[in-house]
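Geometric and topological summary
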Amino acid sequence: MDTAMSLLRSAFPWIFFTALASTSWKTAAIAAAVSSLVIVVQKRRAGTGWEDLILDVGTLLYFVLVAAIASVSPHSSLQPYSGAGSHAFLGLVAWFSIAVRKPFTMAFAKRSTPKEIWAEPRFLKVNMTISTFWASMFIITAPLIALAYHATHKGLDATLVQLIGMAVAGFLTVRYAAHARAKAAAPAAGNSAAA
């Protein structure tokens, strides 16, 4: 439950942006940037390390950038492609987290995993793989989202592409995490049977 709440809290800026973007791109971006800043400050005050804030800081940077563009050019031709831009940016953030060997999914995994497992190579490997699913999904769907919008000029089509990409990454995450847990439990079951 704690992991689900952490995921939901990290998604608040995206929810604000999506909910407000149809009325005012600038207002939506500013609200998302402010909510991102609040989340980063709250997590830092709660003792969360910077390595576990890669996604949150990336989200903050994205919305500060979008707010700046929307403020300078409220009717920018980039506005309809902000969904594609967000996926491309999140993909870069996710790949950065993998490159520095601090996969962004570790921040969420730590909420449901005992602390003594965090230093195990297996924990890093599982999170590197899961973060790779998400990084790949973001990068693959970014141009598809842009193409869907460009072809139809309907935000709904672009949103559908986003949801399908996220569903695929979510499915792979759940399947791989279950596989990793079963694989980790197998030697323990063998040891207790031998005893």
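The structure we're discussing is the one just above.
Described in the following lines is the structure provided in the data block. (Residues numbered from 1 in each chain as written. Predicted model: local features only at pLDDT ≥ 70, side-chain atom pairs only at ≥ 80, totals over all residues. Heavy atoms only, no water.)

Further remarks concern the overall build of the chain. Along the backbone of the chain there are 7 helices and 0 strands. The order of α-helices and β-strands along the chain, N terminus first, is α-α-α-α-α-α-α. Split into buried and exposed, the 195 residues of the chain put 39% on the buried side. At a minimum sequence separation of 6, the contacts of the chain that also span at least 24 residues come to 70%. For the chain, the exposed area adds up to about 11000 Å²; of that, 71% sits on carbon and sulfur atoms. (Helix = DSSP H or I, 4+ residues; strand = E, 2+ residues; numbered from the N terminus. Buried < 20%, exposed > 50% of the residue type's maximum accessible area, 1.4 Å probe, protein only. Contact = heavy atoms within 4.5 Å. Areas by Shrake-Rupley, 256 points an atom, 1.4 Å probe, with all protein chains shown as cover.)

Moving on to unusual backbone geometry. Phi is positive for Arg101, which is not a glycine, with a value near 60 degrees. Here Arg101 lies in the loop between helix H4 (82-99) and helix H5 (106-109).

Okay, the pattern of salt bridges next. Scanning the model with the defined rule gives 3 salt bridges in all. The closest approach of N and O atoms between Lys43 and Asp56, which form a salt bridge, is 2.9 Å. Within this pair, whereas Lys43 is found in helix H2 (residues 25-45), its partner Asp56 is found in helix H3 (residues 54-72), the two being separated by 13 residues in sequence. With a closest N to O distance of 2.5 Å, Arg122 and Glu120 form a salt bridge. (Salt bridge = Lys/Arg side-chain N within 4 Å of Asp/Glu carboxyl O.)

The next thing to look at is the packing of aromatic side chains. For any two aromatic rings, the description comes down to two numbers: the centre-to-centre distance and the angle of the planes. In the structure shown here, the tally under the stated rule is 8 aromatic pairs. A centroid spacing of 5.6 Å and a plane angle of 25 degrees characterise the contact between Trp14 and Tyr62, whose relative ring orientation is stacked. With Trp14 in helix H1 (residues 2-21) and Tyr62 in helix H3, this pair connects stretches of sequence that are 48 residues apart. Taken as a pair, Trp14 and Tyr62 share a single burial class, namely buried. With centroids separated by 5.4 Å and ring planes inclined at 45 degrees, the aromatic side chains of Tyr62 and Phe89 adopt a geometry described as tilted. Note that Tyr62 is positioned in helix H3 and Phe89 in helix H4, a separation of 27 residues in sequence. We classify Tyr62 as buried; its relative accessible area is 6%. An aromatic cluster is defined as three or more aromatic residues linked by ring pairs; in this entry it consists of Trp14, Phe17, Tyr62, Phe63 and Phe89. The ring of Trp118 is capped by Lys110, whose NZ or CZ atom sits 5.1 Å from the centre of that ring. (Phe/Tyr/Trp six-rings, centres within 6.5 Å; stacked < 30°, edge-to-face > 60°. Lys NZ or Arg CZ within 6 Å of the ring centre and 35° of its normal.)

Together, Leu160, Ile164, Val168, Phe171 and Leu172 line one region of the surface with nonpolar side chains, adding up to about 470 Å² of accessible area. Along the polypeptide, Leu172 turns up in helix H7 (residues 155-194). (Patch = residues over 30% accessible without salt bridge, like charges linked within 9 Å, V, L, I, M, F, W, Y side chains within 5 Å.)

Attention shifts here to the packing of H4 against helix H6 (residues 121-152). At a minimum axis separation of 8 Å, H4 and H6 run at an interaxial angle of 155 degrees. Between H4 and H6, the crossing angle belongs to the class labelled roughly antiparallel. As for how H4 packs across H6, the hand of that crossing is left-handed. On H6, the residues that touch Gly83, Ala84, His87, Ala88, Leu90, Gly91, Leu92, Ala94, Trp95 and Ile98 of H4 are Met128, Ser131, Thr132, Ala135, Ser136, Met137, Phe138, Ile139, Thr141, Ala142, Ile145 and Ala146. Among the residues making up the contact of H4 with H6, the classes are represented as 15 nonpolar, 7 polar and no charged. (Axes fitted to C-alpha atoms, helices over the stretch in contact; angles between N-to-C directions. Parallel < 35°, antiparallel > 145°, perpendicular 65-115°, else oblique. Left-handed = near helix turned anticlockwise from the far one by under 90°. Nonpolar A, V, L, I, M, F, W, Y, C, P; charged D, E, K, R; others polar.)

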